[in-house]
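# Structural characterization, general
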Amino acid sequence: MNELQIPQELLPSDGRFGSGPSKIRTAQIDALASAGTTLLGTSHRQKPVRDLVASIQSGIRELFNLPEDYEVVLGNGGASAFWDIICASLIIQRAAVGSYGSFSGKLAASIAAAPFLDNPVVYEAPYGSMALPQSTPGADVYAWAHNETSTGVMAPVVRAQVQADHIAQAPNPQDQHIYNPLTIIDATSAAGGLPVDITQADVYYFSPQKAFGSEGGLWVAICSPQAIERAHYVEKLAAQPESGRWVPPFLSLTKAITNSRKNQTLNTPSISTLLLMHEQIQWILAQGGLTWATERCAHNAQLLYTWAEQHQYLTPFVEHNAWRSNVVVTIDVDPSLDADDIIACLRKYGIVDIAGYRALGRNQLRIAVFPSVEPEDVQRLIQCVNVVIDYLIQH
Ligand SMILES: *Cc1c(COP(=O)(O)O)cnc(C)c1O
């Protein structure tokens with residue numbers, strides 16, 4: 001039996017196509033090494049690290065073209081921690097959420113588990129499809145994911161049209177404006193790779209181990225002034241014993257805001273994560289900013305979808321064209337082949353992390369094309385998969 005041979009010249013220059021952790025460019029790692037002795041191992045309360053944080057904040061401000069009164073807030077714990085911050089610090093009573101995959105589903109589960117909140121009103125769609133929250137009586141937060149990483153579905157970021165009589169009544173009329181619903185978007189795998197009009201969101205939050213090619217453990221939340229005012233209001237509510245609420249300090253958005261205004265985090269951050277992220281923001285800005293990054297992702301994704309559509313053994317998982325993600329591409333494999341075999345063959349050649357999301361349980365490839373991924377490497381990946389499939393069919 002012939003052994004599988006993928007010719008060296010077909011291999012991508014970098015085989016990391018994971019959806020997070022994702023590829024970290026060599027230039028980022030070099031920057032980390034050279035900043036090593038001046039920043040790593042030094043206090044995050046002192047000027048050098050605070051300057052680094054300030055530069056990340058202003059870089060994000062530029063990248064997303066933020067209105068003057070939006071703020072870049074950050075803290076530890078990643079997007080998963082931010083789900084609980086939403087529960088503790090942003091929802092007054094009830095949220096309406098879109099749920100169409102593992103990640104958007106987890107926010108709904110966090111809200112449902114919070115004893116002081118109403119059960120969320122969940123607008124659900126099957127995996128591979130999408131549902132946005134609709135106008136909902138009493139909902140003071142509307143939340144969904146810009147990119148559902150588990151299924152490769154991207155959703156629009158456009159404020160929900162809320163009926164006037166669906167807006168909750170404030171106990172004190174002078175607080176009524178605070179009950180205007182907030183739009184809160186999980187942009188963990190979208191930020192930096194998909195276009196967005198940030199004025200359509202009150203909170204656009206993400207972690208840096210996806211499009212920003214850094215490491216996990218941090219969350220970043222772009223916050224509108226309404227979101228900031230809401231966090232202060234909820235903190236006040238929670239201070240009243242009869243509210244039955246508790247804002248654990250680690251989940252306090254107001255504490256994070258206070259620290260972020262001083263270019264700090266509540267507790268010790270990973271400085272290497274900050275350095276890698278900083279390098280990536282500067283790189284994207286130098287290449288042409290968010291327009292450049294989103295066009296590159298769209299181009300790479302299109303290469304993959306076009307290939308899958310034409311391939312006898314492959315089909316794009318997401319049927320609706322407009323919902324096919326430009327950053328996480330999911331491709332179903334014909335049942336006559338086992339995607340795990342394809343994945344195992346490629347791993348031997350250094351092409352890694354292209355398995356479908358486990359909980360989905362499909363015979364699937366999932367390929368991330370965040371801004372760091374070279375178009376040429378996507379073309380090479382396609383050729384490598386073709387070689388492996390041809391080999392598997394014959395054996
Ligand atoms: C990766 C991911 C998360 C979880 O991020 P962590 O930083 O690991 O907590 C949440 N939401 C989406 C859409 C993601 O892709």
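Below, the structure is looked at part by part.

Rules of the game
Residues numbered from 1 in each chain as written. Predicted model: local features only at pLDDT ≥ 70, side-chain atom pairs only at ≥ 80, totals over all residues. Heavy atoms only, no water. Buried < 20%, exposed > 50% of the residue type's maximum accessible area, 1.4 Å probe, protein only. Helix = DSSP H or I, 4+ residues; strand = E, 2+ residues; numbered from the N terminus. Pairing = 2+ DSSP bridges. Contact = heavy atoms within 4.5 Å. Axes fitted to C-alpha atoms, helices over the stretch in contact; angles between N-to-C directions. Phe/Tyr/Trp six-rings, centres within 6.5 Å; stacked < 30°, edge-to-face > 60°. Lys NZ or Arg CZ within 6 Å of the ring centre and 35° of its normal. Parallel < 35°, antiparallel > 145°, perpendicular 65-115°, else oblique. Left-handed = near helix turned anticlockwise from the far one by under 90°. Near = heavy atom within 4 Å. Polar contact = N/O pair within 3.5 Å; in protein donor to acceptor, adjacent residues only side chain to side chain. Areas by Shrake-Rupley, 256 points an atom, 1.4 Å probe, with all protein chains shown as cover. 1 Å grid on protein atoms, 1.4 Å probe; cavity = no way out; pocket = protein on both sides within 12 Å on 5 of 7 lines; lining within 4 Å. Sits in = over half its atoms within 2 Å of the grid points. Points joined across faces, edges and corners; volume = space filled by probe spheres on them. Nonpolar A, V, L, I, M, F, W, Y, C, P; charged D, E, K, R; others polar.

Now for the pairing of strand E9 (residues 218-223). For E9, the tally of buried residues reaches 6 of 6 residues, placing the bulk of the element in the interior. Here E9 shows no split at all, with Leu 218, Val 220 and Ile 222 on one side and Trp 219, Ala 221 and Cys 223 on the other all buried. Looking at chain direction, strand E1 (residues 71-76) and E9 are connected through 6 bridges and run antiparallel. Residue pairing for E9: Val 72 is matched across the bridge by Ile 222. Examined bridge by bridge, strand E8 (residues 203-206) and E9 share 4 bridges and lie antiparallel to one another. Along E9, the bridge assignment pairs Tyr 205 with Ala 221.

Our next topic: the side chain of Asp 377. In this fold, Asp 377 is placed in helix H10 (residues 375-394). For Asp 377, the residues in contact, after removing those within four places along its chain, are Pro 12, Ser 13, Asp 14, Phe 17 and Lys 23.

Our next topic: the sheet that holds strand E4 (residues 141-145). The mixed open sheet is built from 7 strands, whose spatial order is E1-E9-E8-E7-E4-E2-E3. Here the strands that pair on one side only, and so sit at the sheet edges, are E1 and strand E3 (121-124). Strand-to-strand twist in this sheet, taken as the mean axis angle between neighbours without regard to direction, amounts to 20 degrees. Contacts between helix H3 (residues 78-90) and the sheet are confined to E1, E4, strand E7 (182-186), E8 and E9, with E9 contributing the most and set at about 45 degrees to the helix. Where helix H6 (residues 253-261) meets the sheet, it contacts E1 and E9, and its direction lies at approximately 110 degrees from that of E1.

Residue position: Val 157 is located in the loop between strand E6 (153-154) and E7. A relative accessible area of 10% means that Val 157 is categorised as buried. Considering only alpha carbons, one finds Val 157 and Leu 90, 67 residues apart in sequence, at a separation of 19 Å. If we ignore the near neighbours within four places in the chain, the residues touching Val 157 are Trp 144, His 146, Ile 185, Val 196, Gln 200 and Ala 201.

This brings us to the packing of aromatic side chains. Enumeration according to the criterion identifies 8 aromatic pairs in this entry. Look at Phe 64 and Tyr 204: their rings are 5.8 Å apart centre to centre, the planes differ by 65 degrees, and that puts the pair in the edge-to-face class. Of this pair, Phe 64 sits in the loop between helix H2 (47-63) and E1 while Tyr 204 sits in strand E8, placing them 140 residues apart in sequence. The burial state of Phe 64 is the same as that of Tyr 204; both residues are buried. Between Trp 283 and Trp 292 the ring centres are 5.2 Å apart and the planes differ by 85 degrees, which places this aromatic pair in the edge-to-face class. For Trp 283, a relative accessible area of 16% gives the class buried. Here the aromatic cluster, defined as three or more aromatic residues joined through ring pairs, consists of Phe 64, Tyr 204, Phe 206 and Phe 212. Geometry around Trp 283 places Arg 25 over its ring, the cationic atom sitting 3.8 Å from the centre.

This part is about the packing of helix H1 (residues 26-39) against helix H7 (residues 271-287). Between H1 and H7, the shortest axis-to-axis distance is 9 Å and the interhelical angle comes to 130 degrees. Classified by the interaxial angle, the pair formed by H1 and H7 is oblique. The handedness of the crossing between H1 and H7 comes out as right-handed. Contacts from Ala 27, Gln 28, Ile 29, Ala 31, Leu 32, Ala 35 and Leu 39 of H1 reach H7 at Ile 271, Ser 272, Leu 275, Leu 276, Glu 279 and Gln 280.

Geometrically, a packed helix pair is captured by the angle between its two axes and the distance between the axes. The N-to-C vectors of helix H9 (residues 339-348) and H10 enclose an angle of 120 degrees; their axes lie 10 Å apart at closest approach. The orientation of H9 with respect to H10, classified from their angle, is oblique. Handedness of the H9/H10 crossing: right-handed. Judged by residue contacts, Asp 341, Ile 342, Cys 345 and Leu 346 of H9 engage Cys 384, Val 385, Val 388, Ile 389 and Leu 392 from H10.

The next point concerns the site of the ligand. Within the structure, the ligand sits among 13 residues, and Ser 80, Thr 149, Asp 186, Ser 207 and Lys 210 are positioned closest to it. One of the side-chain N or O atoms of Ser 80 is found 2.7 Å from an oxygen atom in the ligand. One nitrogen or oxygen atom from the side chain of Ser 207 is found 2.7 Å from an oxygen atom belonging to the ligand. Here the ligand has 390 Å² of accessible area as a free molecule, and 87% of this is covered by the chains. A majority-of-atoms criterion places the ligand in the largest pocket. A total of 4 residues in the shell around the ligand trace back to one element, the largest contributor, which is H3.

So, about unusual backbone geometry. Cis rather than trans, the peptide bond between Gly 20 and Pro 21 has omega equal to 0 degrees. Residues other than glycine seldom take positive phi values, yet Asp 353 does so here, at roughly 65 degrees. Taking the relative accessible area as the measure of exposure, Asp 353 reaches 41% and is therefore partly exposed.

In this section: the pairing of E8. With burial as the criterion, each face of E8 is covered, one bearing Val 203 and Tyr 205 and the other bearing Tyr 204 and Phe 206. Here E7 pairs with E8 via 3 bridges, running parallel. Paired with Ile 184 across the strands is Val 203, a residue of E8.

Following the criterion strictly, the structure yields 3 cavities of 30 Å³ or more and no others. A volume near 80 Å³ is recorded for the largest cavity. Looking at the largest cavity, the residues that line it are Leu 74, Gly 75, Asn 76, Ile 85, Trp 219, Pro 249, Phe 250, Ser 252, Ala 256, Leu 266 and Asn 267. The greatest single-element share of the lining of the largest cavity, amounting to 3 residues, is contributed by E1. Grouping the constituent residues of the lining of the largest cavity by class yields 7 nonpolar, 4 polar and no charged.

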